[in-house]
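# Per-entry structural report
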Amino acid sequence: MTARPALVAIDLGAESCRVSLLRWPENPDAPVVTMIRRFANSPWDQGHAGLRWNLEHICTEIEAGLRACDASAAEGIAGIGVTGWAVDYVRLDAAGKPLAPPFCYRDPRTNEAMAAVHAIVPAERLYAKTGVQIQPINTLYQLYADKLAGASAPWVNLPEYILHWLGAPRVAEYTNATHTALVDPDTRAWSDELFSTLGLDRAAAPEVVTPGTVLGPLRKDLRSLPAFAATQLLAPACHDTASAIAGIPGAASGDCAYISSGTWSLVGLVLDETHRTPEACALGLTNLGAAGGGVLFHRGLPGMWLLRQCLNTWEAERGWSLVELLAESRSLPPSRTLLDLDDPAFLPPGNMPARINEQRRRQGSMLLPEEPDAAPLYANLIFRSLAQRYATLLMELARVTGRKPTRICVVGGGSRNEFLNALTAAATRLPVERCAVESSTLGNFAVQMARLDQSSDGVSPAAIAAHAKTLAEAERNNS
């Protein structure tokens, strides 16, 4: 083989998952990214067993995508990296097989666990130790819910489970591990103090590894496929947000703020060190690992989740296209009262129009019709509420950090939402740059390339940024 070997990126999303292939079909300076397989994903209501993920379906679809990659890459595939949403994990038996489908972070089992944890370690002390936003979805509260239920088997977070299923040892990649609220950012390792204080089994936790770690070859049955004969499994930045920000050229520069706009909206800055002050805690700001070793300092909000849940409620009666919905919502006047996006009532799935109206009832605002034809009213309200919240968050970030960004880079599906981007620019008075929709895939590839190209920089921020720039330019040229 004379062509440069290809790479594969697997990206797990709470609404859709993707298997993508990076090739150099003409020359080594012109990479082309192709989405090979995309499939829907959503929480799986198992009644008394709780809200789960259909792990078997996810794995079946991923394997189909990998086999399609094999058929498309005669030059061979050098590496496979996996990214995904954080906090959820899989409990394993002695043979490394799942004991049950993994819980979804939206399952209410964490409510009791959260109160129990804070009775032992107050929220303010927990934040001072880890710097992670206090929210019920964190792995810490899920593990404590398992403890209350008597579960204690070894576990691995979901993206790293996919790597394990593909043949890798059980590990916790650092950027993803930080989202558990069990990592000490000073040591970049598990906090033995927290595990001990809360009575959690430290031995059940996987080993923490750095972004770009090579984990070994693919499992034997897939290695028998021609393209995968020499493939290595890599832990990129397994947290999809860390990969998405790694996919933005210049994201770590002082003038850039980022918005990762998808199911969740994450608004923040890339910093050199954590900010774990009482003010940052009170504002709900979080400190998470970045692909290049820095800190993602941001606040997470329900994003397109609200609109998707509204549309799901009406789907059987009327399907709205995004283009149609944006056009109609844009023509509507602004609502006098915006949504409080931090309302925990918006976290669970189900009848979102009724939940929005319940908040409006408490606000003393006029209720919205709950019929499908009212979708543009809800979209207009959600988009305007998001844009205004982005603006207040950026002001809070500037106050806490002393950094005042001069531009906003938007990645994810929301980067295509011209109405929301225009509202954001108006609310923040900053230019909005539309970056890659699949930025987490580009960041995944950038970390793999930085690790596999044998450069002296390895997986340094400079190496990742250089590859991200190449990929971003290639995407623009190929679009």
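Just above, that's the structure.
Residues numbered from 1 in each chain as written. Predicted model: local features only at pLDDT ≥ 70, side-chain atom pairs only at ≥ 80, totals over all residues. Heavy atoms only, no water.

Helix and strand counts for the chain stand at 17 helices and 20 strands. Taking 2.2 N^0.38 as the reference for a compact globule, 479 residues should give roughly 23 Å; the C-alpha atoms of the chain span a radius of gyration of 22 Å, in line with that estimate. Across its three principal directions, the C-alpha atoms of the chain cover 65 × 55 × 50 Å. The buried share among the 479 residues of the chain stands at 57%. Accessible surface computed for the chain: about 19000 Å², of which carbon and sulfur atoms make up 53%. Across the chain, the centroid of the 42 positively charged side chains sits 2 Å from that of the 49 negatively charged ones. (Helix = DSSP H or I, 4+ residues; strand = E, 2+ residues; numbered from the N terminus. Rg over C-alpha atoms; globule rule 2.2 N^0.38 Å. Buried < 20%, exposed > 50% of the residue type's maximum accessible area, 1.4 Å probe, protein only. Areas by Shrake-Rupley, 256 points an atom, 1.4 Å probe, with all protein chains shown as cover. Lys, Arg positive; Asp, Glu negative; His and termini not counted. Charge placed at Lys NZ, Arg CZ, Asp CG, Glu CD.)

With that out of the way, let us pick up the sheet that holds strand 13 (residues 213-217). Pairing is mixed in the open sheet, where six strands are placed in the order 3-2-1-6-14-13. Looking at strand neighbours, the two that pair on one side only are strand 3 (32-40) and strand 13, the edges of this open sheet. Ignoring which end each strand starts from, the neighbouring axes of this sheet average 20° apart. The pairing of strand 6 (residues 77-84) with strand 14 (residues 232-235) spans three bridges and is parallel. Residue Gly 79 lies in a different strand from strand 14, and its bridge partner there is Gln 232. Packing of helix 5 (residues 158-165) onto the sheet brings it into contact with strand 1 (6-12), strand 6, strand 13 and strand 14, and relative to strand 6 it is tilted by some 150°. (Pairing = 2+ DSSP bridges. Axes fitted to C-alpha atoms, helices over the stretch in contact; angles between N-to-C directions. Contact = heavy atoms within 4.5 Å.)

This part is about the state of the cysteines. Applying the stated criterion across every chain, the model contains zero disulfides. Unpaired in this structure, Cys 69 has its nearest cysteine sulfur neighbour in Cys 17, at a distance of 14 Å. No disulfide involves Cys 104; its nearest neighbouring cysteine sulfur is the one of Cys 17, lying 12 Å away. Judged by its relative accessible area of 1%, Cys 104 falls in the buried class. (Disulfide = S-S within 2.5 Å.)

Every buried residue of helix 2 (residues 110-120) is accounted for by Thr 110, Ala 113, Met 114 and Val 117. Buried residues in helix 2, looked at end-on, bunch into an arc of 100°, giving them a common side. More than 90 degrees from the buried face of helix 2, the exposed residues found are Asn 111, Glu 112, Ala 115 and Ala 119. Contacts from the buried residues of helix 2 go to helix 4 (139-149) and helix 7 (192-198). (Arc of directions from axis to C-beta.)

The buried fraction of strand 1 amounts to seven of the seven residues, a majority that puts the element mostly inside the structure. Note: strand 1 against strand 6, seven bridges, orientation parallel. Residue pairing in the sheet places Leu 7 in a bridge with Gly 79 of strand 6. Pairing of strand 1 with strand 2 (residues 16-23), which is carried by five bridges, proceeds in the antiparallel orientation. By the bridge assignment for strand 2, Leu 7 is matched with Leu 22. In textbook terms, the turn of a hairpin is the stretch between consecutive antiparallel strands, and for strand 1 and strand 2 this stretch comprises three residues.

Don't take any of this as a statement about function, it's just geometry.
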